[in-house]
Amino acid sequence: MTALHLGGPMHSNRSAGLAAGRPGTAATARVARRHRSPGSGATRISVRGLAVASATAVTAVGAVSGVASSSTGEPGIGAGATANDATLLADVPAGQQARIQSAPLTQQADAQAIAADTTAKKVAEESARRQAAVDAVAKRHAAQKAEAEARERRVAHEAAVRSTARPSVPVPVPVPVPSSYTVAQIQAMARQIVGAGQFQCFSNIVAHESTWNYRALNPSGAYGLVQAYPGSKMASAGADWRTNPATQIKWGLNYMNQRYGSPCAAWSYWQAHHSY
């Protein structure tokens, strides 16, 4: 192996190899200037810049390889190809870099918005469910209240109808009138119609006027048990006044009450005047 000498032609050849193996100081400066960010005040180091610097260092150490390469006419092919093929971050436009860096933030914001929409939807559904339950309870209470009020109105209406309805009057069963009555039968009728308290006074008057003969007729025109004058007056008590002792008793009792106040008062008057 041939020894390397720092002086003489060998040193010149190494310098030539260095010059042939890398673009040179001026070329490196141009690369640095091309990748300096305008207005930023600092040089952005990219993958391509690091590759160029590495190639320069390797070339400085391997000067022999540079010399050999210069003799074949293809200086620095490997280093140049590596530098040209490298991908630079600085080659990406600034707006696209912002979009690339903000993409995760946009995705996170979208995820948060979707989660917020889902939560709001759940809250709205729960609120609607609770409101529907409240409305159902209120509707049920309103229906129960309306039913109770309708029942009260129905009961009140039925009570009003009962209070205004005419009481049912039993239809009297016609009692066959016999062709004639005994004194005992007529007196039994009088006891029922006049009452025990006034019967004796009533009986005294009838005994003196007609001796309990319901067909007794006076020449003056007086007729019946109490000798009504004229006898047709008793028609106010019943149309059968001629043949029914009960009709005559009713009319006589009414006359004594209206004229004297009672049968006993009428009997007192009769005793004083022998008539009434």
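Structure first, text after, so check above.
Everything quoted here is computed from the prediction, not taken from an experiment.

(A) Representation of helix α8 (residues 196-210). When the terminal C-alpha atoms of α8 are compared, their 21 Å separation across 15 residues agrees well with the 21 Å that a helix rising 1.5 Å per residue should span. All buried positions along α8 are accounted for by F199, C201, F202, S203, I205, V206 and S210. Contacts from the buried residues of α8 go to α7 (183-194), α9 (245-259) and α10 (263-273). Positive phi shows up at T211, right after α8, with a value of about 50°.

(B) The arrangement of the packing of aromatic side chains in detail. In this structure the tally under the stated criterion is seven aromatic pairs. Ring centres 5.5 Å apart and planes at 10° place the aromatic pair W251 and Y255 in the stacked group. With W251 and Y255 both in helix α9 and four residues apart, this pair spans about one turn of that helix. The exposure class assigned to W251 is buried, which follows from its relative accessible area of 13%. Judged by centre distance (5.5 Å) and plane angle (15°), the rings of W267 and W270 are stacked. You can see W267 and its partner W270 sitting in helix α10, three residues apart, about one turn around the helix. The two residues W267 and W270 agree in class, both being buried.

Thresholds applied
- Counting from 1, residues in each chain are numbered in the order their sequence is written.
- This being a predicted model, a pLDDT of at least 70 is required before a residue's local features are given, and a value of 80 or more before pairs of side-chain atoms are given or counted; all residues contribute to the totals for chains, interfaces and linings.
- Heavy atoms from the whole structure form the basis of all side-chain values; hydrogens and water molecules are not counted.
- Numbered from the N terminus, helices here are DSSP runs of H or I no shorter than four residues, and strands are runs of E no shorter than two.
- Expected span of a helix: the number of residues minus one, times 1.5 Å.
- Only protein chains enter the accessibility calculation, which uses a 1.4 Å probe; a residue whose area is less than 20% of its type maximum is buried, one above 50% is exposed, and one in between is partly exposed.
- In this description, contact between two residues means that some pair of their heavy atoms is separated by no more than 4.5 Å.
- Here a pair means two rings of Phe, Tyr or Trp (six-membered ring of Trp) with centres within 6.5 Å. Their orientation is stacked below 30 degrees between planes, edge-to-face above 60, and tilted elsewhere.

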